[in-house]
Amino acid sequence: MSTLETPVSRRLSSVKNVIVVISGKGGVGKSSSTVQLALSLLATSPNVRVGLLDIDLTGPSLPRMLGLDSRAVHQSSSGWVPVYADQERRLGCMSIGFLLQDRGDSVVWRGPKKDGMIRQFLAEVRWGDLDYLVIDTPPGTSDEHISLLTHLHPLFLPSPSRPPSHFSPTPTSILISTPQATALNDTLKSLSFTRKLNLPVLGFVENMSGYACPCCGEISEVFSKGGGEKMAREEKVGYLGRVPIDTKLVELLDEVVKGNIPVGDDVETRVGQVSIGNE
Ligand code: ADP
């Protein structure tokens, strides 16, 4: 059977790893976790290059979280140039937020138009060589997820007649949830979605689990503890760790948004300090 080469697979042939960040619910810290994951990956080595793609078309938040709200995407002869957060061009970002004339504009699109935009993001952004492409998705499991996975890897959607994808790195995913039962329940739906589409899951992060005291850093339990670990164990998915509610995180993100801290070495370290980690 011949392999299927597509504009997306051609464009992403210089990307080593693709990580799709998924949550069952909004407001659980998916986008914050996506940004922290990208910054943590950057901090692993000075040579690592990371791309951040925001396919949350109706609620893009990565430009704001990276303090890049006022920036615009440029078109070059070889494609869209991502907006870089640092001078060394190690962290590039692409989001519909950069394309809207007015940042307050809303996007009211039906499925086919969203699908076209996602295909364009995957096929036309000039990322260059990337160690990681981290993709922030809308909450739940929506048209955007299906478009993303179909374009990334045509084999995700089962079809006996479909030839194997030319795209070499198999995309993987990380699930983000808060510890509350309703959020965990929605995470099970996301998990079922990944299984239906054969999308491997790297693991699950329990965000806003406990409260970190701003004075001493001690973690107190706000909601019941252990539900996330139990779910991960029962579902046989990796438990990547818990991140407490940390007011420093919100303060640091606010400072980035206001432009008081450039996203560079300093923030990599500072945001990295409150970043994903096992207990
Ligand atoms: P989502 O992408 O799931 O909708 P966000 O990442 O936008 O969620 O987070 C929602 C809000 O919660 C943001 O204001 C963010 O700063 C805050 N937040 C996320 N994680 C934490 C955390 N661990 N501690 C404190 N605030 C957090």
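Residues numbered from 1 in each chain as written. Predicted model: local features only at pLDDT ≥ 70, side-chain atom pairs only at ≥ 80, totals over all residues.

Moving on, we get to the packing of helix α4 (residues 111-124) against helix α5 (residues 143-152). Between α4 and α5, the shortest axis-to-axis distance is 9 Å and the interhelical angle comes to 40°. One element, α4, and the other, α5, form an angle in the oblique class. The two elements α4 and α5 meet at a crossing, and its hand is right-handed. When α4 is examined against α5, the residues G111, K114, D115, I118, R119 and L122 are found in contact with a partner set consisting of D143, E144, S147, L148, H151 and L152. Classifying every residue of the contact of α4 with α5 by side-chain character gives four nonpolar, three polar and five charged. (Axes fitted to C-alpha atoms, helices over the stretch in contact; angles between N-to-C directions. Helix = DSSP H or I, 4+ residues; strand = E, 2+ residues; numbered from the N terminus. Parallel < 35°, antiparallel > 145°, perpendicular 65-115°, else oblique. Left-handed = near helix turned anticlockwise from the far one by under 90°. Contact = placed C-beta atoms within 7 Å. Nonpolar A, V, L, I, M, F, W, Y, C, P; charged D, E, K, R; others polar.)

What follows concerns the UniProt feature "binding site: [4Fe-4S] cluster" (unreviewed entry) in the chain. Here, the residues flagged by UniProt with the feature "binding site: [4Fe-4S] cluster" (unreviewed entry) are C213 and C216. Classification of C213 by C-beta neighbours within 10 Å gives exposed; the count is 12. Residue contacts for C213: discarding those within four places in its chain leaves E218 and S220. Its location among the elements puts C216 in the loop between β9 (201-212) and β10 (219-220). (UniProt positions renumbered as here; feature names shortened; annotations may be inferred. Buried ≥ 20, exposed ≤ 12 C-beta atoms within 10 Å, placed from the backbone.)

Moving on, we get to the UniProt feature "binding site: ATP" (unreviewed entry) in the chain. If you check UniProt for "binding site: ATP" (unreviewed entry), the listed places come out as G24, K25, G26, G27, V28, G29, K30 and S31 in our numbering. Position of G24 relative to the elements: it lies in the loop between β1 (15-23) and α2 (30-42). G24 sits in the buried class, given 24 other C-beta atoms within 10 Å. Ignoring sequence-local partners within four residues, the contact set of G24 consists of G140, S177, A183, D186, T187, K189 and S190. With respect to the secondary-structure elements, K25 resides in the loop between β1 and α2. Here K25 is in contact with P139, A183 and D186, once residues within four sequence places are set aside.

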